[in-house]
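So the chains spell out like this:
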Amino acid sequence: MEIVKLNLKRRTYNIIIGSNILGRLGKEICKLKLGDTAYIITNALIKNKYAGKLTKALKRSGIDVIYKTVPDSEQSKSIKISTQVIIDIARYDKKRRIFIIAFGGGVIGDLSGFIASIYKRGIPYIQIPTTLLAQVDSSIGGKTAVDLIEGKNLVGAFYQPRLVLSDVRLLNTLSKRQVLSGLAEVIKYGIIKDRQLFTYLERNYQDILDLEPGALEHIVARCSLIKANIVEQDEKEEKEIRTILNFGHTIGHAIEAASSYKKHTHGEGIALGMLAAVDISRRLNLINQSISQRIEKLIKLVGLPIRIRKLPLKGIINAHYHDKKFIGKKNRFVLLEDIGKTKIVVNIPSKIIREAILRIGE
Ligand code: GLY
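Everything quoted here is computed from the prediction, not taken from an experiment.

Glancing now at the overall build of the chain. Of regular secondary structure, the chain possesses 13 helices and 11 strands. Taking 2.2 N^0.38 as the reference for a compact globule, 362 residues should give roughly 21 Å; the C-alpha atoms of the chain span a radius of gyration of 20 Å, in line with that estimate. The principal-axis extent of the C-alpha atoms belonging to the chain is close to 60 × 40 × 40 Å. Evaluated residue by residue, the chain yields a buried proportion of 56% over its 362 residues. Counting contacts in the chain only where the partners sit at least 6 residues apart, residues at least 24 apart contribute 74% of the total. Across the chain, 60 positive and 35 negative side-chain charges occur, with their mean positions spaced 3 Å apart.

Written as C-alpha cells, this is what we have:
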C-alpha cells in the first residue's frame, strides 16, 4: 500500500493506493471525523458488485450508509440530476452528519464533488474511484463539475475531497476498452513529466493489461504523486503548471466532440490528440523523429488507436477552437521538448495544426 499526500495547507489530504484496501475505509473516515452517515453516490452496476464490501467496511466503524444510484453515463453530470440528489440528501439530513462518498468513475466523481461543494455551502466528500482513468486523474485535484447543453464542465468549482482511496482490485471488472482509456492518461503522465514511468510502461504494459495488482499499484501511485505535485503548485490552474495535464487534450477533446462523444472513449481521443501534439512539436523542431516514433510505438503497442477512419477534419478543427486554454483567438498548445519535458506554445499557424490533424487520419 502507498500513501501520497496532497499538500494544500488546511485542505491537505491523503491518496491511499493499494490492492484490496476497501476494508480500511471506516477507520480512515473516523480519523478524519467526517460524520456519522455516508451518502454514497454510485451507479447500479457498481452498487451490485461492491456495495456489500463497502457497507461492511463502513458499518464496522459505526457509520450509517445511504446509497443513491444515478445513471451510468455523462448525462448524469447535469443540473437536473444534481438538484434531485441534493433534495434527496436534504430529506435525510435532519439528525445526521452527512458526508458524501463518490463511488464510481469520473462522471460520479465530478457530480458528487459538485454536489458536496454547493450543499450547505460545502460538506465533506471522499473519492473512491472505480476506473483507472478516475484513479490516475479525475479523483485527484478537486475539479468538480456538471455539464450544460452549451458545453461540458461549464458549471463547477474547485473543491478538494478529504480523502481519495484507490483500490486497484476494483479495476478487475473493467472492460479492456475502459482500461485502455485510463492507460492513455498514464502514458500522458510519462510523456509530460516522468521519463522513468514512460520506460516502465514500454517494458511492463502487458502486466497492466493483465490487471496485475503490483503493476497497477505502481502506475496509480506514480501518477497520483505527479498529479498531487502539480495540483499543490497550481491548484486553480492559474500559473501554466496544471495546464500541462491537458497535453493531448486540445485535439483529443475536439475528436471526442466531433464524433459526438460516442465513437471514441476519452482515452482514445487523448491518444490521438497526443499524437497530434507530438506531430506539431516535431513540425516546430522541438523534438526529433525518434521521440515521436517512440511515443507512437507505445500507443500502438498497448492497443490504443493511432489513426482515425473517416477523419472528421472540419468538425475537429471547429471544435478545437472551443478549447478552454485558448486566450481570445490565440491558440495555446501544450507541446513537447523531450519525453518528460513540456513547453507551452501560443499562436501556432493553423496550417501546422491542420497538417497534424490530417496525419492522424487513415
Ligand atoms: N484533468 C486535468 C486536471 O485535473 O487538471
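Spatially, the seven strands line up as an open sheet ordered β1-β2-β9-β6-β5-β3-β4, and their pairing is mixed. Every interior strand has two partners, whereas the edge strands, β1 (2-6) and β4 (64-69), have only one. The sheet shows a mean angle of 20 degrees between the axes of neighbouring strands, taken without regard to direction. Across five bridges, strand β5 (residues 98-104) lies against strand β6 (residues 125-129) in parallel orientation. Bridge pairing in β6 links Phe 103 to Ile 128.

Counted according to the given criterion, the structure contains 26 salt bridges. A salt bridge links Lys 120 to Asp 93, with the shortest nitrogen-to-oxygen separation between them at 2.7 Å. One end of the pair, Lys 120, is in the loop between α4 (106-118) and β6; the other, Asp 93, is in the loop between α3 (79-92) and β5, with 27 residues separating them in the sequence. Ionic pairing is found between Lys 143 and Glu 237, a salt bridge with its closest N-O pair at 2.7 Å.

Attention shifts here to a positive patch on the surface. Residues Lys 53, Lys 56, Arg 60 and Arg 169 make up a contiguous surface patch of positive charge. Residue placement: Lys 56 occurs in helix α2 (residues 44-59).

Looking now at helix α6 (residues 176-193). Between its first and last C-alpha atoms α6 spans 26 Å; for 18 residues at 1.5 Å apiece the expected length is 26 Å, and the two agree. Among the 18 residues of α6, 14 are classified as buried, and the element is accordingly described as predominantly covered.

Moving on, we come to the environment of Lys 5. As for its position among the elements, Lys 5 is in strand β1. For Lys 5, a relative accessible area of 48% corresponds to the partly exposed category. Between the C-alpha atoms of Lys 5 and Phe 158, which are 153 residues apart in sequence, the distance is 18 Å. When residues no more than four places from it in sequence are discounted, the contact partners of Lys 5 are Thr 12, Tyr 13, Asn 14, Ala 228 and Glu 232.

Moving on, we come to the site of the ligand. If you check the shell around the ligand, you find Asp 137, Lys 143, Lys 227, Arg 242 and Leu 245 and nothing else. Between the ligand and Arg 242 there is a distance of 2.7 Å, counted from an oxygen atom to a side-chain nitrogen or oxygen. Look at the ligand: alone it shows 200 Å² of surface, and the protein chains cover 88% of it. A class-by-class count of the residues in the shell around the ligand yields one nonpolar, no polar and four charged.

Of note in the backbone geometry, Lys 120 takes a positive phi value of approximately 50 degrees without being a glycine. The residue Asn 153 is not glycine, and still its phi comes out positive at about 55 degrees. Inspection of the secondary structure puts Asn 153 in strand β8 (residues 151-158). For Asn 153, a relative accessible area of 33% puts it in the partly exposed group.

Turning to the packing of aromatic side chains, a few remarks are in order. Enumeration according to the criterion identifies three aromatic pairs in this entry. Between Tyr 50 and Phe 103, the ring centres sit 6.5 Å apart and the planes meet at 65 degrees, which makes this aromatic pair edge-to-face. With Tyr 50 in helix α2 and Phe 103 in strand β5, the pair connects residues that are 53 residues apart, well separated along the chain. Residue Tyr 50 is classed as buried on the basis of its relative accessible area, which comes to 13%. Using a relative accessible area of 0% as the deciding quantity, one classes Phe 103 as buried. Here the guanidinium or amino end of Arg 91 rests over the ring plane of Tyr 92, the centre of that ring lying 5.9 Å away. Here Lys 188 stacks its cationic end above the ring of Tyr 189, 4.9 Å away from the centre of that ring.

About the cut-offs
Starting from 1, residues in each chain are numbered consecutively following that chain's sequence as written. Given that the model is predicted, a residue must reach a pLDDT of at least 70 before its local features are reported, and side-chain atom pairs must reach 80 or more before they are shown or counted; all residues, however, enter totals for whole chains, interfaces and linings. Here the side-chain values reflect all heavy atoms present in the structure, with hydrogen atoms and water set aside. Strands are runs of DSSP state E lasting at least two residues, helices are runs of H or I lasting at least four, and both sets are numbered from the N terminus onward. As a reference, a globule follows 2.2 Å times the number of residues to the power 0.38, and the radius of gyration itself is taken over C-alpha atoms. A 1.4 Å probe rolled over the protein chains alone gives each residue an accessible area, and that area as a share of the maximum for its type sets the label: buried under 20%, exposed over 50%, partly exposed in between. Every residue pair with non-hydrogen atoms within 4.5 Å of one another is taken to be in contact. Note on charges: Lys and Arg go in the positive column, Asp and Glu in the negative column, and His and the chain ends are not counted at all. Charge coordinates come from a single atom per side chain, which is NZ of Lys, CZ of Arg, CG of Asp or CD of Glu. For two strands to pair, DSSP has to find at least two bridges joining them. Lines fitted to C-alpha atoms define the axes, with helix axes restricted to the stretch in contact, and inter-axis angles between N-to-C directions lie between 0 and 180 degrees. Note on definitions: salt bridges are taken to be side-chain nitrogens of Lys or Arg within 4 Å of carboxyl oxygens of Asp or Glu. By definition, no residue in a patch forms a salt bridge, and every one has over 30% relative accessible area; like charges are joined within 9 Å, nonpolar side chains (Val, Leu, Ile, Met, Phe, Trp, Tyr) within 5 Å. Under the convention used here, a 1.4 Å probe and the Shrake-Rupley method define accessible areas, while residue burial counts only the protein chains that appear. Here a helix's expected span is defined as the number of its residues, less one, multiplied by 1.5 Å. The nearness test applies per residue and asks whether one of its heavy atoms lies within 4 Å of the molecule or strand. Whenever two N or O atoms come within 3.5 Å, that pair is a polar contact, provided that in protein one can donate a hydrogen and the other can accept it, and provided that, for residues adjacent in sequence, both atoms are side-chain atoms. Three residue categories are used. Nonpolar comprises Ala, Val, Leu, Ile, Met, Phe, Trp, Tyr, Cys and Pro, charged comprises Asp, Glu, Lys and Arg, and polar comprises the others, including Gly. Aromatic pairs are defined between Phe, Tyr and Trp rings, using the six-membered ring for Trp, whenever the two ring centres lie within 6.5 Å; interplanar angles under 30 degrees are classed as stacked, those over 60 as edge-to-face, and all others as tilted. Put simply, a charge is over a ring when the Lys NZ or the Arg CZ is close to the ring centre, within 6 Å, and near the line of the ring normal, within 35 degrees.

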